[in-house]
Amino acid sequence: MSNKTTPAAALPRYGRADLHCHSVYSDGVLTPHALAQHAAAQGVDLWALTDHDSVAGQQEARESAQALGLAWVSGVEVSVDFLGQTIHIVGLGVDSEHPGLRALLQHHRNSRIPRAQAMAAGLAAVGIADAYAGALQYAGQPEQLSRTHFARHLVAIGRCATVAEVFRHYLVPGKPGYAPHGWAALHDGIAQIVAAGGVAVLAHPGRYKLERLPMQILLDRFAQSGGQAIEVTTSAHTPAQTHSYAALARARGWAASCGSDFHSPAESRCALGSLPPLPSGLTPVWQLLGPRIVA
């Protein structure tokens, strides 16, 4: 298979794209190679690996996709701060070697260690001992530790039945295992994605617990900072939300993205590549990616 990127004018029309999923390099349970195999088996024709604050799996993802005849584009999911809340920005088509982006991601990974220690201390205060060591069993290294790894540990020791239940009772603001984050500001995160040649996508907007005015401010600042696309079809959205964010994309002139946000066969709301296609009348984000897509 050729390693050349596809000219924008020759881009095919992708019928089943999945541009948001996670591997063992963040809080997923499968390797990039296994994810590529799963995507190909599901009939995905354009795929991106978007690990949290890490591009460590991108080379493996690209090589595996090429071996399988699967069109691929680089990706990352950057955590950013907006009014004290974590917002996720997917960067598609980024240069994984860009020094500014890599520095930002390393800063975020470094900040996960003291955050995880604070989470473990909060859990210890309510009688859940050794949570740090327990969570670390589910992460490759301390700088990858996330709430999901703590949730898997609490399920394993029988504290809760599901990862979702752990989040509700222990890992959200106001609960004992929650600790503040140390992410970069929204503008800075988007700036590094754009500087690295990528397209910034507002991930799963329906998940954010924002009132109408803060949400409008988020959307405005996202655009002002260089954001160009929004996830319309994603596992976190109801059909009504998909319709609403499709209308928003049209109104603001943004491209539309789609992704399962797949982490694990046992935990994810839907399988990799199983989402319905984007609604009609939208500009698919891959039209902005052009030659950054490897086919």
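Overview of the structure. (Residues numbered from 1 in each chain as written. Predicted model: local features only at pLDDT ≥ 70, side-chain atom pairs only at ≥ 80, totals over all residues. Heavy atoms only, no water.)

## A look at unusual backbone geometry
And then number 1: Of note, the phi angle at Asp53 is positive, near 55 degrees, even though the residue is not glycine.
And then number 2: Turning to its location among the elements, Asp53 is positioned in the loop between strand E2 (46–47) and helix H2 (58–68). (Helix = DSSP H or I, 4+ residues; strand = E, 2+ residues; numbered from the N terminus.)

## Considering the sheet that holds strand E8 (residues 229–234)
Think of a sheet as strands paired side by side through backbone hydrogen bonds, with each pair either parallel or antiparallel.
And then number 1: What the 6 strands build is an open sheet, ordered E6-E4-E5-E7-E8-E9; its pairing is mixed. The sheet is open, and its two edges are formed by strand E6 (184–185) and strand E9 (255–259), each paired on a single side.
And then number 2: Bridging between strand E4 (residues 75–82) and strand E5 (residues 85–92) involves 8 bridges; their strand directions are antiparallel. When the sheet's bridge partners are listed, Gly75 is paired in E5 with Leu92.
And then number 3: Where helix H3 (residues 99–124) meets the sheet, its contacts fall on E4 and E6, and the angle it forms with E4 comes to roughly 65 degrees. (Pairing = 2+ DSSP bridges. Contact = heavy atoms within 4.5 Å. Axes fitted to C-alpha atoms, helices over the stretch in contact; angles between N-to-C directions.)

## A few points about the side chain of Thr242
And then number 1: Residue position: Thr242 is located in helix H9 (residues 239–252).
And then number 2: On the basis of relative accessibility, which here comes to 15%, the residue Thr242 falls in the buried class. (Buried < 20%, exposed > 50% of the residue type's maximum accessible area, 1.4 Å probe, protein only.)

## A look at the packing of helix H1 (residues 32–41) against H2
And then number 1: Relative to each other, H1 and H2 sit at 35 degrees, their axes nearing to 8 Å. Our pair here, H1 against H2, has a crossing hand that is right-handed. When H1 is examined against H2, the residues Pro32, His33, Ala36, Gln37 and Ala40 are found in contact with a partner set consisting of Glu60, Ala61, Ser64, Ala65 and Leu68.
And then number 2: Of the residues assigned to the contact of H1 with H2, the class counts are 6 nonpolar, 3 polar and 1 charged. (Left-handed = near helix turned anticlockwise from the far one by under 90°. Nonpolar A, V, L, I, M, F, W, Y, C, P; charged D, E, K, R; others polar.)

## Comments concerning the side chain of Thr50
And then number 1: Tracing the sequence through the fold places Thr50 in the loop between E2 and H2.
And then number 2: Apart from residues lying up to four places away in sequence, Thr50 is in contact with Leu19, His20, Cys21, His22, Gly75, Val76, Glu77, Val90 and Leu92.

## Section: the packing of aromatic side chains
And then number 1: All chains considered together, the criterion is met by 2 aromatic pairs.
And then number 2: Summarising the aromatic geometry, the rings of Tyr14 and Trp286 are spaced 5.9 Å apart at their centres and angled 85 degrees between planes, so their arrangement reads as edge-to-face. One end of the pair, Tyr14, is in the segment before strand E1 (17–18); the other, Trp286, is in helix H10 (residues 286–289), and 272 residues separate them in sequence.
And then number 3: Arranged with centres 5.3 Å apart and planes meeting at 80 degrees, the rings of Phe222 and Trp254 form a pair that is edge-to-face. You can see Phe222 sitting in helix H8 (residues 212–224) and its partner Trp254 sitting in the loop between H9 and E9, a full 32 residues away along the chain.
And then number 4: A residue is classified by how much of its surface remains accessible, and Trp254, at 7% relative accessible area, is buried. (Phe/Tyr/Trp six-rings, centres within 6.5 Å; stacked < 30°, edge-to-face > 60°.)

## Quick word on the environment of Pro239
And then number 1: The residue Pro239 is located in helix H9 in this model.
And then number 2: What makes Pro239 exposed here is its relative accessible area of 72%.
And then number 3: Sequence spacing of Pro239 and Cys270 is 31 residues, and the spatial spacing of their C-alpha atoms is 14 Å.

## Some thoughts on the environment of Ala65
And then number 1: Turning to its location among the elements, Ala65 is positioned in helix H2.
And then number 2: A residue is classified by how much of its surface remains accessible, and Ala65, at 0% relative accessible area, is buried.
And then number 3: Spatially, the C-alpha atoms of Ala65 and Ala295 are 8.6 Å apart, while their sequence positions differ by 230 residues.
And then number 4: Residues in contact with Ala65, not counting those within four places in the same chain, are Ala36, Trp47, Leu70 and Trp72.

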